[in-house]
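Observations on chain architecture
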Amino acid sequence: MLTIDGSTGEGGGQILRTSLSLSMITGQPVRIENIRAKRPKPGLMRQHLACVLAAQAVSGAQVSGAELGSQTLVFEPGALRPGEHAFAIGSAGSCLLVLQTVLPALMLAPAPSQLKLSGGTHNPLAPNFHFIERAFLPQLARLGVKVEASLRRHGFYPAGGGEMVATIEPAAGGLRPFDLLERGAVGEPFAESLVAAVPRRVAERELSLLKGALGWSDEQLRVPNVRQNEGPGNALIATLAFEHVTEVFTSFGEKSLSSEQVASRLLRQVKAYEASTAAAGPYLADQLALPWALAVHQSGQAAAYSCSEITEHTRTNLEVIQRFLPVTAEVSRTAAGWEVAWRR
């Protein structure tokens, strides 16, 4: 049994989720200690427990320590169970983190799957639905995995109540690794402000501030229709499309923040990305790590991607992946920013 120390590196929930994913894929039993040790409230919270229970359902695992507040978990996977699954977090905990946990195993399963997820779809400190749909899933498609995601209901923090469906077609013939080193030709960027049970003038003010700072036209600024009973919630999203990659950055409105502060937070992310020529931003770089490692492991071919920043979160994720798989991640500085090169 492999033992993973959850207090190492960034010391958060990603260590748990990556360990569960790779345990399911490799069949390697794992004991995770000191779960979320560096968080104000360590141990399994509701959304982390939802990830554990989803992984158990998908893999027929034997599990001990799966309870709220637990800081030690033993996970012994069985055979993968592709097909239809429904997982409800029961709070505003992120649906996308549950998807992130079970998707790697299901995209390598012998049959398609459909997941129905309920909880939070647009949460701070978690990838939101639009990021996954526009930035992450297209890269999986290039690896050979087809995932169709549909948003049925927004779920904002802290109320939750969101619903989404993901249909997963595993890669026929295995994952096909490739290098993602350049953005390619520039598409037209756009911004949108999601507002539910929040005055429309908030969205208009946020977008006006972006327009002034970025010089975008009115056609690039949008206020999508969101059912008001899905709120309260506000998410300001910038989508930057290129030939080889699409990046999505988000800033969330809060009662204590002005429209100027929400817009300024998003602008900092956009300008940091634009200051680099690397393909992926800091969050997408983190999401790409496991699929790239699995593609290299399966095929035996090396593959790399470039990114504007390497966070402590990403470095920790790379370390956990290398505990399970016989692959090596080499991180280096480049003229574009950073490069993560995977090889067997």
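Notes on the structure follow. Quick caveat: nothing in here was measured; it's all calculated off a predicted structure. (Residues numbered from 1 in each chain as written. Predicted model: local features only at pLDDT ≥ 70, side-chain atom pairs only at ≥ 80, totals over all residues. Heavy atoms only, no water.)

Considerations on the overall build of the protein chain
What the protein chain contains, in helices and strands, is 8 helices and 15 strands. Over its C-alpha atoms, taken along the principal directions, the protein chain stretches across nearly 55 × 45 × 35 Å. Counting the 344 residues in the protein chain, one finds 55% classified as buried. Look at the contacts in the protein chain between residues 6 or more apart in sequence, and 73% of them connect residues 24 or more apart. Working note: accessible area of the protein chain is about 14,100 Å², and carbon and sulfur atoms make up 48% of it. Of the side-chain charges in the protein chain, 31 are positive and 30 negative, and the distance between the mean point of each set is 4 Å. (Helix = DSSP H or I, 4+ residues; strand = E, 2+ residues; numbered from the N terminus. Buried < 20%, exposed > 50% of the residue type's maximum accessible area, 1.4 Å probe, protein only. Contact = heavy atoms within 4.5 Å. Areas by Shrake-Rupley, 256 points an atom, 1.4 Å probe, with all protein chains shown as cover. Lys, Arg positive; Asp, Glu negative; His and termini not counted. Charge placed at Lys NZ, Arg CZ, Asp CG, Glu CD.)

Structural notes on the pairing of strand S2 (residues 30-33)
Residues Val-30 and Ile-32 of S2 are buried on one face, while the alternating residues Arg-31 and Glu-33, pointing to the opposite face, are not. Pairing geometry for strand S1 (residues 2-5) and S2, over 4 bridges, is parallel. Bridging across to S2, Leu-2 finds its partner in Val-30. In this view, the connection linking S1 to its parallel neighbour S2 by way of helix H1 (residues 13-26) has right-handed handedness. Pairing of S2 with strand S4 (residues 73-76), which is carried by 3 bridges, proceeds in the antiparallel orientation. Opposite Ile-32, over in S4, you have Leu-73 as the bridge partner. (Pairing = 2+ DSSP bridges. Right-handed = clockwise from strand over helix to strand, strands pointing away.)

Let's talk about the sheet that holds S1
By way of backbone hydrogen bonds, the strands of a sheet pair with one another, either parallel or antiparallel. Read from one edge of the open sheet, 4 strands run S1-S2-S4-S3, paired in mixed fashion. For this open sheet the edge positions go to S1 and strand S3 (62-64), each flanked by a neighbour on one side alone. Strand-to-strand, the axes of this sheet are offset by a mean angle of 15°, without reference to chain direction. Across the face of the sheet, helix H2 (residues 46-59) comes into contact with S3 and S4 while running at roughly 20° to S4. Each of S1 and S2 touches helix H8 (residues 312-324); the most contacted strand, S1, lies at about 170° to it. (Axes fitted to C-alpha atoms, helices over the stretch in contact; angles between N-to-C directions.)

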